[in-house]
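Fold and contact review
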Amino acid sequence: MDYAPGTWHRTDVHLENPEYHTRWYLKYFLGKVHQNYVGTDAEKNPFFLSVVLSEQNNQRIPQYHSILWRKTGTQKICLPYSPTKTLSVKSILSAMSLDKFEKSPREIFHPEIQKDLLVLEEQEGSVNFKFGVLYAKDGQLTDDEMFSNETGSESFQRFLHLLGDTITLKGWSGYRGGLDTKNDTTGTCSIYTVFQGHEIMFHVSTMLPYSRENKQQVERKRHIGNDIVTIIFQEGEESSPAFKPSMIRSHFTHIFALVRYNKQNDSYRLKIFSEESVPLFGPPLPSPPVFTNHQEFRDFVLVKLINGEKATLETPTFSQKRQRTLDMLIRSLYQDMMPDLHKGNNMLNRRSFSDVLPESPKSTRKKEEARQAEFVRLGQALKLKTTVKGDTTANLATTSFCKKEPWESQSFCSNFPHEVVCADSWGQSLLVSTDAGILLIDDGQPSVQVFDKTLQIKQMNVLEALDLLIARTDKGKDSRILVFRLSAVQKDIETKKVIRSKYDCRENKLERTKGCHLYAINTHHGSELRVVAAIRNKLLLVTKKYNSDDTSVSASLLSSPESPAEEFQYIREICLSDPPVVMTLVDGPTGDSDNMICVAYRHQFDLINESTGESYRLHHVETNRVNFVAAIDVYEDGEAGLLLCYNYVCQYRKVYPFSGHSPLVQPSAYDFHFSWNQVPYAVVCAFPYVLAFTTDSIEIRLVVNGNLVHTAVVPELQLVASRSDIYFKATAAVSGSSDSSSKEMSSKSSPQTPTAYEKPELPLPSLEGEVSCKNLYKIPLSNLVGRSIERPLKSPLAPKVITTTPSSGITSLPVLHSLPLSRMEIKEIASRTRKELLGLLDEPIPKTESAQKLKKVSRRQSDPKQGAVRSTSSDRIISSSFEGYSERRHLSTSSDPDTSANREENSPSSYPFQLISLYDEDIIDLK
């Protein structure tokens with residue numbers, strides 16, 4: 001099948017883990033009544049728990065926000081509020097996988113605890129940043145030469161003006177970034193800006209004190225050499241000697257951004273170097289990394305540098321120090337409370353371990369109300385003080401406030417009155433199974449009845465390329481899989497024949513599928529369509545052979561009967577120990593006796609060999625209760641990987657090529673995991689994003705590193721379909737106001753007034769007195785993935801997702817979303833995305849066994865202080881380098897910066913979505 005890649009549009013320039021989404025204690029707790037608890041776990045390590053019931057954002061949706069403070073870091077989860085279901089401390093800690101204690105948690109009454117917990121949260125990192133800016137003239141190759149430049153060129157001054165404003169340091173009251181604002185000992189002026197609520201101070205080499213006697217310019221190096229991120233502005237032509245990080249002697253700087261200005265076309269070229277231990281961070285550089293729009297360049301550079309500094313804080317050098325500090329603070333705070341733990345005075349509450357939150361003791365109601373009033377007063381004062389100090393992101397974003405985000409939704413069908421069971425996209429339309437039957441819905445058009453309500457479809461797949469509709473109908477023992485020709489269904493709609501009922505579909509039943517509670521299809525159709533039906537604890541494998549060249553609907557109509565059921569062939573039956581809750585098919589590298597089935601049951605994910613029925617343990621879940629959500633297949637150069645989603649966790653496991661008939665399932669450097677803030681019931685992957693759907697929110701993260709980019713609160717949210725464009729059902733006001741209201745910026749926000757960052761781009765809830773309704777909304781996939789693909793078929797580009805809801809039984813399992821993408825298409829999407837993130841060649845050198853071994857050895861030998869550096873550039877250096885458009889890694893094995901050797905690109909161990917290749921690269925050393 002022909003595949004023509006389309007155009008690329010930037011959608012992914014985002015601040016990762018933005019503070020207005022991550023600083024929960026400041027945002028949700030301070031200034032509000034909340035509970036704080038102290039206890040010790042089974043290993044006698046103290047912990048603190050904070051819980052608040054708040055109406056998040058302007059959606060008026062009450063939610064519990066919980067923070068668990070431990071020496072290993074903070075854990076945050078969001079739990080839904082139910083007026084009929086009580087929530088206990090025990091259940092909250094259990095949701096955080098903390099079930100065993102040495103001392104059960106006790107509530108802390110004293111309002112001063114808020115100061116200490118705010119200090120704990122501040123250990124996550126500063127909300128303000130200081131970046132070095134070093135001016136280098138053409139031909140300067142040492143740091144002594146660069147630091148000795150007294151003044152910069154005209155183009156350098158224009159670049160500084162683009163970065164920010166020139167401020168006078170003496171008397172400066174804003175963020176100072178370590179500069180002297182009293183006695184001018186660090187210069188008289190500097191460059192400062194506020195970007196998306198973050199204050200940034202630039203340490204500019206030509207503005208720091210210059211000494212004619214001191215050739216090393218120690219005063220300048222003292223500031224710029226202690227910045228995690230430094231911008232190098234290099235004069236000269238592209239043919240001039242290139243900057244290398246080894247030119248700068250610094251043990252602290254982990255990221256260099258090399259900027260060159262081209263006078264001929266008034267453009268900037270950007271190249272990024274980062275130490276090998278720094279996790280991958282976005283956004284990926286464009287190809288080529290040349291910016292003619294100066295404002296876009298400024299926004300891109302600042303986002304890249306802020307994300308880079310945050311990523312650096314996750315390296316062992318910084319994370320270990322932060323963990324030691326956090327451990328010391330928590331133990332010190334616990335020791336201060338030890339006397340109160342035994343006395344039982346008014347500082348610690350004696351409530352039972354499983355008491356309901358947030359009730360207060362009835363016998364001391366007045367006293368409790370007075371305590372809460374003082375508690376809130378102190379919290380509001382702390383919040384105000386923190387804001388005035390500049391230790392929180394400003395409410396007023398100074399840039400990009402009119403930017404249209406890729407996840408913004410569009411109205412698809414207003415006032416949809418039916419309950420949705422499942423759905424799938426059919427071209428630009430939506431085929432929906434409802435309580436009123438099966439409807440075909442198009443934007444702005446009246447819905448068309450396809451089947452009446454006697455046919456209850458619980459799960460469906462529209463396969464336009466194969467002219468097939470696959471559906472699981474009914475429930476329990478009566479459930480079956482039906483197959484229809486789309487062309488026949490389309491003909492019935494066009495000729496307006498009698499609407500089909502359940503009794504008209506006898507010829508469409510697949511044999512042996514009675515009692516099926518779940519099915520899955522292969523997403524990469526090669527020479528056959530594979531369907532695996534789960535009937536209790538048995539898996540039934542059925543295939544349909546087809547000629548991939550004959551996809552013409554007219555040909556299929558002429559040569560085939562109306563029902564395609566006869567074309568499916570029973571292959572084999574596989575017995576499992578338990579009924580599967582989640583199931584997805586994984587294509588083997590050859591497709592010849594090496595295809596697999598990933599199933600989730602009990603406390604584990606297993607891989608089943610389709611040919612032999614052998615089972616292999618993929619991942620064991622170490623928690624008491626497991627809510628399986630999804631198993632999403634991700635392919636990298638023909639090798640399979642799986643994103644396993646359960647409870648709050650997403651765990652990536654790479655499946656190596658088969659050894660005989662056995663997949664190599666073992667711990668890998670590629671494996672990584674991240675946690676959602678709320679338990680999702682569905683997860684959708686749309687490169688470069690992965691979206692988690694809960695009952696009232698959409699949490700959006702980056703696939704490549706799991707970093708949060710946005711959380712949108714959506715009332716009464718239900719995911720409807722996600723094979724191409726993402727469709728969901730939600731509550732909205734009939735008089736729906738425009739989205740512009742959610743974009744307005746307000747610098748005068750009270751604690752109860754959501755700031756601009758908190759306001760979602762999605763539908764607003766109904767206001768009092770208005771009639772609320774459910775609407776269908778669409779998030780176009782082309783907006784998310786940032787590209788439009790021209791294809792010979794109508795079906796849009798699709799992500800992959802499999803969803804279930806929390807359920808102990810198998811009769812109420814909902815729809816399983818699965819995608820009919822060819823191997824060529826899915827590989828094209830994933831590889832192009834990874835190349836843009838990593839900046840690799842269009843045709844990378846194939847991975848070799850020796851390269852794999854070299855990667856493992858080099859990672860063990862790497863030293864954070866002498867870490868290798870990866871660079872980002874599109875510079876073409878003949879024979880000694882390569883053209884790339886994002887990060888590339890250079891292994892530091894020599895202190896000689898001019899030594900060259902063949903090295904494998906060494907990528908962060910925790911990020912699987914990238915390509916591994918061998919290149920000739922310069923060896924450079926941070927020292």
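Residues numbered from 1 in each chain as written. Predicted model: local features only at pLDDT ≥ 70, side-chain atom pairs only at ≥ 80, totals over all residues. Heavy atoms only, no water.

1. Some words on the overall build of the protein chain
Spelled out, the test is: For the purposes of this entry, the term helix denotes a DSSP run of H or I that reaches at least four residues, the term strand denotes a run of E that reaches at least two, and both are numbered from the N terminus. The classification of residues rests on relative accessible area computed with a 1.4 Å probe and restricted to protein chains. Under 20% of the type maximum is buried, over 50% is exposed, and intermediate values are partly exposed. For every accessible area listed, the method is Shrake-Rupley and the probe measures 1.4 Å; residues are considered covered only by the protein chains on display.
Tallying secondary structure elements over the protein chain gives 15 helices and 48 strands in all. Here the protein chain, with 927 residues, has 58% of them falling under the buried criterion. Of the accessible surface of the protein chain, which amounts to about 38,000 Å², a share of 50% is contributed by carbon and sulfur atoms.

2. Some thoughts on the sheet that holds strand S19 (residues 437-441)
Applied cut-off: A pair of strands is labelled paired if DSSP reports no fewer than 2 bridges between them. Lines fitted to C-alpha atoms define the axes, with helix axes restricted to the stretch in contact, and inter-axis angles between N-to-C directions lie between 0 and 180 degrees. In this analysis, two residues are considered to be in contact whenever any of their non-hydrogen atoms come within 4.5 Å of each other.
The strand order across the open sheet built from 4 strands is S17-S18-S19-S20, with neighbouring strands paired in antiparallel fashion. Every interior strand has two partners, whereas the edge strands, strand S17 (420-426) and strand S20 (448-451), have only one. Neighbour-to-neighbour, the strand axes of the sheet open up by a mean angle of 25°, direction not taken into account. Across 3 bridges, S19 lies against S20 in antiparallel orientation. Counterpart to Leu-440 in the pairing with S20 is Val-448. Contacts from helix H11 (residues 486-495) reach S17, S19 and S20 within the one sheet, and its direction differs from that of S17 by about 100°.

3. Quick word on the pattern of salt bridges
Charged atoms that come close allow side chains of opposite charge to pair. Here is the rule we go by: Should a side-chain nitrogen of Lys or Arg be within 4 Å of a carboxyl oxygen of Asp or Glu, the pair is scored as a salt bridge.
Counted under the stated rule, the structure contains 29 salt bridges. Among the ionic pairs, Asp-144 bridges to Lys-221, the shortest N-O distance being 2.8 Å. Residue Asp-144 is located in helix H5 (residues 143-147), and its partner Lys-221 is located in helix H7 (residues 218-224); the two are separated by 77 residues in the primary sequence. Residue classification places Asp-144 among the partly exposed residues on the basis of a relative accessible area of 25%. Residue Glu-219 is joined to Arg-222 by a salt bridge in which the shortest nitrogen-to-oxygen separation is 2.7 Å. Of this pair, Glu-219 and Arg-222 both sit in helix H7, separated by 3 residues, roughly a single helical turn. Via salt bridges that share partners, Asp-143, Asp-144, Lys-221 and Arg-249 belong to a single interconnected network.

4. Looking at the environment of Leu-134
Mapped onto the secondary structure, Leu-134 falls in strand S7 (residues 129-136). Not counting chain neighbours up to four residues away, the residues in contact with Leu-134 comprise Met-146, Phe-147, Ser-205, Thr-230, Ile-231, Ile-232, Phe-233 and Ile-248.

5. With respect to the packing of aromatic side chains
Between two aromatic rings, the relevant description is the distance of the centres plus the angle of the planes. The condition that has to hold: Two aromatic rings from Phe, Tyr or Trp, using only the six-membered ring of Trp, form a pair when their centres are within 6.5 Å; if the ring planes differ by under 30 degrees the pair is stacked, by over 60 it is edge-to-face, and anything between is tilted. A ring has a charge above it when a Lys NZ or an Arg CZ is no more than 6 Å from the ring centre and no more than 35 degrees off the ring normal.
Evaluated as defined, the whole model comprises 28 aromatic pairs. Ring geometry for Trp-407 and Tyr-689: centres 5.8 Å apart, planes at 85°, overall edge-to-face. With Trp-407 in the loop between helix H10 (365-389) and strand S16 (410-413) and Tyr-689 in strand S38 (residues 689-693), this residue pair connects regions lying 282 residues apart in the sequence. Considered together, Trp-407 and Tyr-689 belong to a single accessibility category, that of buried residues. A ring pair is formed by Phe-728 and Tyr-777, whose centres lie 5.7 Å apart and whose planes are at 25°; its orientation type is stacked. Within this pair, whereas Phe-728 is found in strand S42 (residues 726-733), its partner Tyr-777 is found in strand S43 (residues 772-779), the two being separated by 49 residues in sequence. The pair formed by Phe-728 and Tyr-777 is uniform in burial state, with each residue classed as buried. By way of ring pairs, the aromatic residues Tyr-135, Phe-156, Phe-159, Phe-233, Tyr-261, Tyr-268, Phe-291, Phe-297 and Phe-300 are connected into one cluster. Above the face of the Tyr-570 ring, Arg-512 is positioned so that its terminal group lies 3.8 Å from the ring centre.

6. Some remarks on unusual backbone geometry
Note that the residue after Gly-282, namely Pro-283, is joined by a cis bond; omega there is 0°. Following the sequence through the fold, Pro-283 ends up in the loop between strand S13 (267-275) and strand S14 (290-291). In this structure, Asp-266 is a non-glycine residue whose phi angle is positive, near 55°. Following the sequence through the fold, Asp-266 ends up in the loop between strand S12 (255-262) and S13. Look at Arg-512: it is not a glycine, yet its phi comes out positive at around 70°. Within the secondary structure, Arg-512 sits in the loop between H11 and strand S24 (518-521).

7. A few points about the nonpolar core
The cut-off we apply is this: To define a nonpolar core, start from buried Ala, Val, Leu, Ile, Met, Phe, Trp, Tyr and Cys residues and group those joined through side-chain atoms within 4.5 Å.
Counting residues in each nonpolar core, the largest one holds 40 residues, and the members touching the most others are Val-133, Phe-159, Phe-202, Ile-231, Leu-270 and Phe-297. Mapped by element, the contributors of at least two residues to this core are S7, helix H6 (154-163), strand S9 (189-195), strand S10 (198-204), strand S11 (229-234), S12, S13 and helix H8 (294-312). The element best represented in this core is H8, accounting for 8 residues. The next biggest cluster of nonpolar side chains, apart from the first, holds 25 residues, and it includes Val-684, Leu-691, Leu-717 and Phe-728.

8. Some words on the sheet that holds strand S37 (residues 682-686)
The 4 strands lie next to each other as S37-S38-S39-S40, forming an open sheet whose pairing is antiparallel. Every interior strand has two partners, whereas the edge strands, S37 and strand S40 (708-713), have only one. Neighbour-to-neighbour, the strand axes of the sheet open up by a mean angle of 15°, direction not taken into account. When S37 meets S38, the two strands line up antiparallel, connected through 5 bridges. In the sheet register, Val-684 faces S38, and the bridge partner there is Leu-691.

9. Quick word on H11
For H11, the complete set of buried residues consists of Leu-486, Ser-487, Ala-488, Val-489, Asp-492 and Ile-493. Looking one or two residues beyond H11, the residue adopting positive phi is Lys-496, at roughly 55°.

10. A short note on the pairing of S38
Counting buried residues along S38, 5 of its 5 residues qualify, which places the element largely inside the surrounding structure. Both faces of S38 are covered, namely the face carrying Tyr-689, Leu-691 and Phe-693 and the face carrying Val-690 and Ala-692. From the end of S37 to the start of S38, which pair antiparallel, there are 2 residues. Looking at chain direction, S38 and strand S39 (residues 697-702) are connected through 5 bridges and run antiparallel.

11. Quick word on a positive patch on the surface
Inclusion rule: Patch building starts from residues that exceed 30% relative accessible area and form no salt bridge, then joins like charges within 9 Å and nonpolar side chains (Val, Leu, Ile, Met, Phe, Trp, Tyr) within 5 Å. As used throughout, the charge tally considers Lys and Arg to be positive and Asp and Glu to be negative, leaving His and the chain termini uncounted. Here the site of a charge means NZ on Lys, CZ on Arg, CG on Asp, or CD on Glu.
On the surface, Lys-477, Arg-506, Lys-509, Lys-514 and Arg-536 cluster together into a patch of positive charge. Take Lys-514: it is sitting in the loop between H11 and S24.

12. Considerations on the packing of H6 against H8
Short version of the rule: If an angle is under 35 degrees, it is roughly parallel; if it is over 145, roughly antiparallel; if it lies from 65 to 115, roughly perpendicular; otherwise it is oblique. Left-handed is the label given to a crossing in which the near helix is rotated counterclockwise from the far helix by less than a right angle, and right-handed is the label when the rotation is clockwise. Any residue that is not Ala, Val, Leu, Ile, Met, Phe, Trp, Tyr, Cys, Pro, Asp, Glu, Lys or Arg is counted as polar, Gly included; the first ten are nonpolar and the last four charged.
Taken N-terminus to C-terminus, the directions of H6 and H8 make an angle of 70°; their axes are 10 Å apart at the nearest point. Here H6 is positioned roughly perpendicular relative to H8, judged by the angle of their axes. Seen from above, H6 lies across H8 with right-handed handedness. Contacts between H6 and H8 pair Phe-159, Leu-162 and Leu-163 from the former with His-294, Phe-297 and Arg-298 from the latter. In terms of residue class, the contact of H6 with H8 is made up of 4 nonpolar, 1 polar and 1 charged.

13. Digging into H6
The cut-off we apply is this: Arc definition: it is the arc formed by the directions from the helix axis to the C-beta atoms.
Burial in H6 covers these residues: Ser-155, Phe-156, Phe-159, Leu-160, Leu-162 and Leu-163. Burial along H6 is one-sided: seen end-on, the buried residues are contained in an arc of 160°. Every exposed residue of H6 that faces more than 90 degrees away from the buried side is listed here: Glu-154 and His-161.

14. Considering the confidence of the model for the protein chain
Counted only if it meets this: Values of pLDDT, the confidence the predictor places in each residue, fall between 0 and 100.
Summarising the model, the protein chain shows a mean pLDDT of 74, and 70% of its residues fall at 70 or more. Low pLDDT, under 50, characterises residues 548-559; the stretch is placed with 6 contacts to residues that sit more than four places away or in other chains. Considering only residues more than four positions removed or in separate chains, one finds that residues 841-927, a stretch of pLDDT under 50, has 272 contacts.

15. A look at the packing of helix H4 (residues 113-122) against H10
The interhelical angle for the contact between H4 and H10, taken along N-to-C directions, is 35°, at an axis separation of 9 Å. Every pair of crossing elements has a handedness; the one defined by H4 and H10 is right-handed. Contacts from Ile-113, Gln-114, Lys-115 and Leu-118 in H4 reach Phe-375, Leu-378, Gly-379, Leu-382 and Thr-386 in H10. Classifying every residue of the contact of H4 with H10 by side-chain character gives 5 nonpolar, 3 polar and 1 charged.

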